[in-house]
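Topology and contacts: notes
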Amino acid sequence: MKIRFHGAARSVTGSRHLLETPGGRVLLDCGLVQGRREEAWHRNRDFGFDPKTIDAVILSHAHIDHSGALPSLVRAGYSGPIYATPATADLAAVMLEDSAFIQERDVAFIRKHQGKAQDPLYTVEDAKAAARLFRTVPYGKAADIAGMKVSFHDAGHMLGSSLVRLDAEGKVIVFSGDLGRAS
């Protein structure tokens with residue numbers, strides 16, 4: 001088993017973690033890097049891996065720093081399932097469309113006021129395409145994903161947020177996404 005960190009390592013934004021097992025390649029979260037425009041612009045355009053080689057995406061929650069690059073992943077050729085809790089899938093679909101709309105407007109502003117010919121990271125249509133890939137898994141129910149047994153458990157961070165438990169190769173990994181406070 002290999003884990004590679006392609007975001008949210010030495011920073012708190014752009015969560016993207018690639019888990020590789022003999023059963024497949026799974027991306028844990030696919031978030032936007034947020035921050036200074038130029039740095040974020042470049043970091044959000046380079047995944048560090050080929051999106052077409054990913055078998056599945058597992059989404060811990062809907063916040064943009066965890067889900068916001070999903071439409072870019074799809075735009076770059078990813079066509080597999082995106083697993084999340086039902087509430088996370090519902091929230092992410094709305095948030096990704098809103099993010100795309102903002103990006104389209106931001107690029108229009110830059111073109112008009114700075115004369116730079118740039119394309120948005122993704123469009124509203126890309127966000128809708130990503131939303132069509134969502135597959136929901138309720139809390140506590142195990143699903144077989146790319147040769148792993150995966151289950152989602154309430155993280156208390158926001159509606160639908162989860163701790164993700166992955167069982168593979170006789171090992172257990174728990175991915176926290178973000179945690180809320182104890183109730």
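Residues numbered from 1 in each chain as written. Predicted model: local features only at pLDDT ≥ 70, side-chain atom pairs only at ≥ 80, totals over all residues. Heavy atoms only, no water.

**Quick notes on the packing of helix H4 (residues 86-114) against helix H5 (residues 124-131)**
Close contact between H4 and H5 brings their axes to 8 Å; oriented N to C, the two are set at 160°. The pairing of H4 with H5 is recorded here as roughly antiparallel in orientation. Considering the relative orientation of H4 and H5, their crossing is right-handed. Across the interface between the two elements, Ala93, Leu96, Glu97, Ala100, Phe101 and Glu104 of H4 pack against Val124, Ala127, Lys128 and Ala131 of H5. Looking at the contact of H4 with H5, its residues break down into seven nonpolar, no polar and three charged. (Axes fitted to C-alpha atoms, helices over the stretch in contact; angles between N-to-C directions. Helix = DSSP H or I, 4+ residues; strand = E, 2+ residues; numbered from the N terminus. Parallel < 35°, antiparallel > 145°, perpendicular 65-115°, else oblique. Left-handed = near helix turned anticlockwise from the far one by under 90°. Contact = heavy atoms within 4.5 Å. Nonpolar A, V, L, I, M, F, W, Y, C, P; charged D, E, K, R; others polar.)

**Let's talk about the sheet that holds strand E8 (residues 148-154)**
Paired through backbone hydrogen bonds, the strands of a sheet run either parallel or antiparallel to each other. The strand order across the open sheet formed by four strands is E7-E8-E9-E10, and the pairing between neighbours is antiparallel. In this open sheet, the two edge strands, each paired with only one partner strand, are strand E7 (143-145) and strand E10 (171-175). Averaged over neighbouring strand pairs, the angle between their axes works out to 30° when direction is ignored. Examined bridge by bridge, E8 and strand E9 (residues 162-168) share six bridges and lie antiparallel to one another. Residue histidine 153 lies in a different strand from E9, and its bridge partner there is leucine 163. (Pairing = 2+ DSSP bridges.)

**A look at a nonpolar patch on the surface**
A surface patch of nonpolar side chains, amounting to about 280 Å² of accessible area, comprises Met1, Ile3 and Phe5. Checked against the element boundaries, phenylalanine 5 lands in strand E1 (residues 2-7). We classify phenylalanine 5 as exposed; its relative accessible area is 53%. (Patch = residues over 30% accessible without salt bridge, like charges linked within 9 Å, V, L, I, M, F, W, Y side chains within 5 Å. Areas by Shrake-Rupley, 256 points an atom, 1.4 Å probe, with all protein chains shown as cover. Salt bridge = Lys/Arg side-chain N within 4 Å of Asp/Glu carboxyl O. Buried < 20%, exposed > 50% of the residue type's maximum accessible area, 1.4 Å probe, protein only.)

Nothing here speaks to function; it is all geometry.
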